[in-house]
Amino acid sequence: MDKITTLLFDFDGTLLDTNELIIQTFQTVLNSHYPGKYEREDILPFLGPTLKETFDSIDPENSERLIAEYRTWNIANHDAFASEFDGVSETLRQLKSSGYKMAIVSTKRNDMIMKGLRLMEAEDLFDTVVGLDDVQHAKPHPEPLLLAMERLNSTPAETLMIGDNVHDILGGKNAGVRTAGVAWSAKGEKFIREQEPDFVLQHISDLLKITAGVEA
């Protein structure tokens, strides 16, 4: 197989631990409108899809208002709840210094991705960022991944998609790239293995071995 030269990363739940932020935001918004209806386990399926997909499924008539309320609370509390997963910045800097092309491919809006990257002090590590603002179709549609590869002048054969959710793994498969699921997914390692990625990362530093060809 071709050597991996290009790494496409999901952001939330993969590099930046925003799981509690997202859960708390959903709980705050949903409990204000539907008291007692949504517990933590009910909210886990909302991690991954776009806000529009989620709120359209809950209350399509009030979706836009709910999205606005979500974003207001989420932005106000972002830095208090979010933090990078163990070893992320260090590993990303090693990969960058080794010459790998790297991009963020997320279902978040670009301004929120940049807010997270600033929190991690990682704005300089990525060659491009593909957010919700850049595409017509979010993951698992291949469009965001194909756009990132186009910007990086990379082919699917040399590209690896890394993520914590079904949208990432399925999006990678739809785009014809290899995939890596992260065992620290909020939905659990068993869930991520059920998506049948090419690799499962126990720690972000596993990427150093995979890109070096040590792990098949």
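Further up the page is the structure itself.
In this text, all values refer to a predicted model and were calculated from it rather than measured experimentally.

Draft legend 1. Representation of helix α6 (residues 110-120). Those residues of α6 lying buried are N110, M112, I113, G116, L117 and M120. The buried residues of α6 occupy one face: seen down the axis, they fall within an arc of 165 degrees. Along its buried surface, α6 packs onto β2 (16-17), α4 (63-81), β3 (83-84), α5 (88-97), β4 (101-105) and β5 (128-130). Taken from the residues just after α6, E121 is the one with a positive phi, measuring 55 degrees.

Draft legend 2. Fine view of the packing of aromatic side chains. The final tally for this structure, using the stated rule, is 9 aromatic pairs. Consider the rings of F26 and F55, whose centres lie 5.5 Å apart with planes at 45 degrees: the pair is tilted. Taken together, the residues span a long stretch of sequence, with F26 in helix α1 (residues 19-33) and F55 in helix α3 (residues 51-58) at a distance of 29 residues. F55 matches F26 in its accessibility class, with the two residues each being buried.

Draft legend 3. Region of interest: the pairing of strand β1 (residues 6-9). Taking every second residue as pointing to the same face, both faces of β1 are buried, with T6 and L8 on one and L7 and F9 on the other. Where β1 and β4 come together, 4 bridges link them in parallel fashion. Looking at the pairing, T6 lines up with K101 of β4.

Draft legend 4. Fine view of unusual backbone geometry. Cis geometry marks the peptide bond from K139 to P140; its omega dihedral reads 15 degrees. With respect to the helices and strands, P140 occurs in the loop between β5 and α7 (143-152). For N153, which is not glycine, the phi torsion reads 55 degrees and is therefore positive. On the secondary structure map, N153 appears in the loop between α7 and β6 (159-163). Judged by its relative accessible area of 67%, N153 is exposed. Backbone geometry at E196 places phi at a positive 60 degrees, although glycine is not the residue there. With respect to the helices, strands and loops of the structure, E196 is situated in the loop between α9 (189-194) and β8 (199-201). Taking the relative accessible area as the measure of exposure, E196 reaches 59% and is therefore exposed.

Draft legend 5. Seen up close, the pattern of salt bridges. Tallied over the entire structure, the rule returns 12 salt bridges. With a closest N to O distance of 2.9 Å, E189 and R193 form a salt bridge. Of the two residues, E189 and R193 are both situated in helix α9; the distance of 4 residues between them amounts to about one turn of the helix. With relative accessibility at 28%, the residue E189 sits in the partly exposed group. Members of the salt-bridge network, linked through shared partners, are D10, K139 and D168.

Draft legend 6. Region of the structure containing the sheet that holds β4. In spatial order, the strands read β5-β4-β1-β6-β7-β8; together these 6 strands make up an open sheet with parallel pairing. The sheet terminates laterally at β5 and β8, the two strands that pair on one side only. Strand-to-strand twist of the sheet, defined as the mean angle between neighbouring strand axes without regard to direction, takes the value 25 degrees. In the sheet, strand β7 (residues 178-182) pairs with β8 via 3 bridges, with the strands oriented parallel. Bridge pairing in β8 links V182 to L201. Across the face of the sheet, α7 comes into contact with β1, β4, β5 and β6 while running at roughly 160 degrees to β5. Where helix α8 (residues 166-175) meets the sheet, it contacts β6 and β7, and its direction lies at approximately 175 degrees from that of β7.

Draft legend 7. Main features of the nonpolar core. Membership of the largest hydrophobic core comes to 31 residues, with the highest contact counts inside it found for F9 and L15. Contributions of two or more residues to this core are made by β1, α5, β4, α6, β6, β7, β8 and α10 (206-211). With residues up to four places along the chain from it excluded, the contact list for L15 reads F9, D10, E84, F85, V88, L92, I104, M120, F126 and I204. Core analysis: the next-biggest nonpolar cluster, separate from the first, contains 16 residues, Y38, I43, F46 and I58 among them.

Rules behind the numbers
Numbers given to residues run from 1 along each chain, matching the order in which its sequence is written. Reporting in this predicted model follows two pLDDT cut-offs: at least 70 for local features of residues, and 80 or more for side-chain atom pairs to be given and counted; totals over whole chains, interfaces and linings ignore these cut-offs and use all residues. The basis for every side-chain value is the complete set of heavy atoms in the structure, and neither hydrogens nor water enter the calculation. Type-normalised accessible area, obtained with a 1.4 Å probe on protein chains alone, sets the label of each residue: buried when under 20%, exposed when over 50%, and partly exposed for intermediate values. A run of H or I in DSSP becomes a helix once it reaches four residues, and a run of E becomes a strand once it reaches two; helices and strands are each numbered from the N terminus. The reported arc concerns the directions from the helix axis to the C-beta atoms and nothing else. Here, two residues are considered to be in contact whenever any of their heavy atoms come within 4.5 Å of each other. Aromatic pairs are defined between Phe, Tyr and Trp rings, using the six-membered ring for Trp, whenever the two ring centres lie within 6.5 Å; interplanar angles under 30 degrees are classed as stacked, those over 60 as edge-to-face, and all others as tilted. Two strands qualify as a pair provided that DSSP identifies no fewer than 2 bridges between them. Between Lys or Arg on one side and Asp or Glu on the other, a salt bridge is scored when a side-chain nitrogen of the former is within 4 Å of a carboxyl oxygen of the latter. Lines fitted to C-alpha atoms define the axes here, with helix axes fitted over just the stretch in contact, and angles between the N-to-C directions of these axes take values from 0 to 180 degrees. Working definition of a nonpolar core: buried Ala, Val, Leu, Ile, Met, Phe, Trp, Tyr and Cys residues. They are joined through side-chain atoms within 4.5 Å.

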